[in-house]
Amino acid sequence: AISELFGWIVHHCDMDRMGEGEELGEAAQVKMDFLVHVVEFSPFVQTAGLLAVGGESKVMIARVETDPIEVVPVLDLHHDTRTTAIAWSPATPRPDGALASRIVFCTAGVDFKLRLFTAALDEQASEVVELTGHTDNVNAVSFDSLTGRTVASTGDDHTVRLWDTAAAVQIATIQLDAPGTSVLWLPELPEAGEPAKEFQQFLAAERQGSVRLFYANEQRQVAGETLRSESVPLLSVDYNEGQVGVVADGRVLRWTLPSSGVAESIETSAFLESPSCFRWSKARPVYSALGGVDGFQVFGAGGGCVLQKRGHCTSLTWHALQNTCCFAVGSTIQIFIA
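The paragraphs below set out a description of the structure included in this document. (Residues numbered from 1 in each chain as written. Predicted model: local features only at pLDDT ≥ 70, side-chain atom pairs only at ≥ 80, totals over all residues. Heavy atoms only, no water.)

It is worth spelling out the overall build of the protein chain at this point. A tally of helices and strands in the protein chain yields 0 helices and 29 strands. A total of 338 residues make up the protein chain; the buried ones form 54% of that total. Here the analysis covers contacts within the protein chain between residues at least 6 apart in sequence; of these, 48% occur between residues at least 24 apart. Entry remark: accessible area of the protein chain is about 14100 Å², with carbon and sulfur atoms responsible for 48%. (Helix = DSSP H or I, 4+ residues; strand = E, 2+ residues; numbered from the N terminus. Buried < 20%, exposed > 50% of the residue type's maximum accessible area, 1.4 Å probe, protein only. Contact = heavy atoms within 4.5 Å. Areas by Shrake-Rupley, 256 points an atom, 1.4 Å probe, with all protein chains shown as cover.)

So this is what it looks like as structure tokens:
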């Protein structure tokens, strides 16, 4: 059952369902007792049902159940300022595959700081370490995909910064030509016998329309891998199986790596005039979602819109194993299950 302590109410909601022949799925919303700015599912199998919810002065960890739809509070953590981004560390899952009793994640706030949280779920306790260095708003954070020993961040100060999570210090600064809007570590693992560090790469997106691929261990750009969008501003980036997708000036564009430099435009409806976030489904990448100041949408296997709703969507995230998407809309979490 939903905990009355947090005043969460789950009810089915009326959303416009589109796309004949598509699996329309189930839609519901969870009423929160605070404004929700960021939602982020754990991307790891062992903790796939855990959802981090960032607000004005708190980060809440919850468990999302889908049959029936429930959002069960697990941990409520104080956050000194409004949350602007959240990333889960691969240090969270236990090696034996059991549900982690300790979670590790990073947040960004409007005070330009990053915060590394290590929380014990069974003890309702946490440790927080602040990382300072950015001189303007931080728009995105991302952990390295192998160990969680490095976290990358980018923001309006025209930089990407790399941080050593164990020592809690900044280890590199990469200068950008414009404000950084997204940073995303690529998930590929090295081939057998190859050193992992040579495969640690991340994408950094700039508001003026560039997406660049970097080698993390050398802090240098991968030769020839700059993706350029003529549409600006570029506001969001996602990656899926060799494809890079972005939202730029209301359009969704896609490149396939290694890139030819030519972006393919992904057809969307005219429902959203100003989308600002884009994500592919992790469980079924033929699905994708868009969100922005005027609403949110989900697109299905045939590319058609299967769900749309009005409301100011500030963040969206997909479940790692199930075709379930959560949207942050005001003081609610909107949930779509295909």
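So, on to the side chain of Ser288. Among the structural elements, Ser288 can be located in strand β24 (residues 288-292). The exposure class of Ser288 is buried, given its relative accessible area of 11%. For Ser288, the contacting residues outside a window of four places in its chain are Phe278, Arg279, Trp280, Ser281, Gln297, Val298, Phe299 and Trp318.

This brings us to the environment of Leu290. Among the structural elements, Leu290 can be located in strand β24. Judged by relative accessible area, which is 3%, Leu290 ranks as buried. Considered as a pair, Leu290 and Val252 are 38 residues apart in the sequence and their alpha carbons are 9.0 Å apart.

This next bit is on the pattern of salt bridges. Enumeration according to the criterion identifies 12 salt bridges in this entry. A salt bridge links Asp80 to Arg115; the shortest N-O distance between them is 3.7 Å. Within this pair, whereas Asp80 is found in the loop between β6 (69-78) and β7 (83-88), its partner Arg115 is found in strand β9 (residues 114-120), the two being separated by 35 residues in sequence. Residue classification places Arg115 among the buried residues on the basis of a relative accessible area of 3%. Between Asp156 and Arg207 there is a salt bridge, with its nearest N and O atoms 3.4 Å apart. With Asp156 in the loop between β12 (150-155) and β13 (159-164) and Arg207 in the loop between β16 (201-206) and β17 (210-215), this residue pair connects regions lying 51 residues apart in the sequence. Each of the salt bridges in this network shares a partner with another, and the network as a whole consists of Asp80, Asp111, Lys113, Arg115 and Glu130. (Salt bridge = Lys/Arg side-chain N within 4 Å of Asp/Glu carboxyl O.)

With that settled, the discussion passes to the nonpolar core. Membership of the largest hydrophobic core comes to 19 residues, with the highest contact counts inside it found for Met32, Val36, Val39, Leu51, Val53, Ile333 and Ile335. If you list the elements that add at least two residues to this core, you get β2 (26-31), β3 (38-41), β4 (50-54), β5 (58-66), β6, β28 (324-329) and β29 (332-337). In this structure, Ile333 is in contact with Ala28, Gln29, Val30, Met32, Val36, Val39, Leu51, Val53, Cys326 and Phe327, ignoring residues within four places of it in sequence. (Core = buried A, V, L, I, M, F, W, Y, C linked by side-chain atoms within 4.5 Å.)

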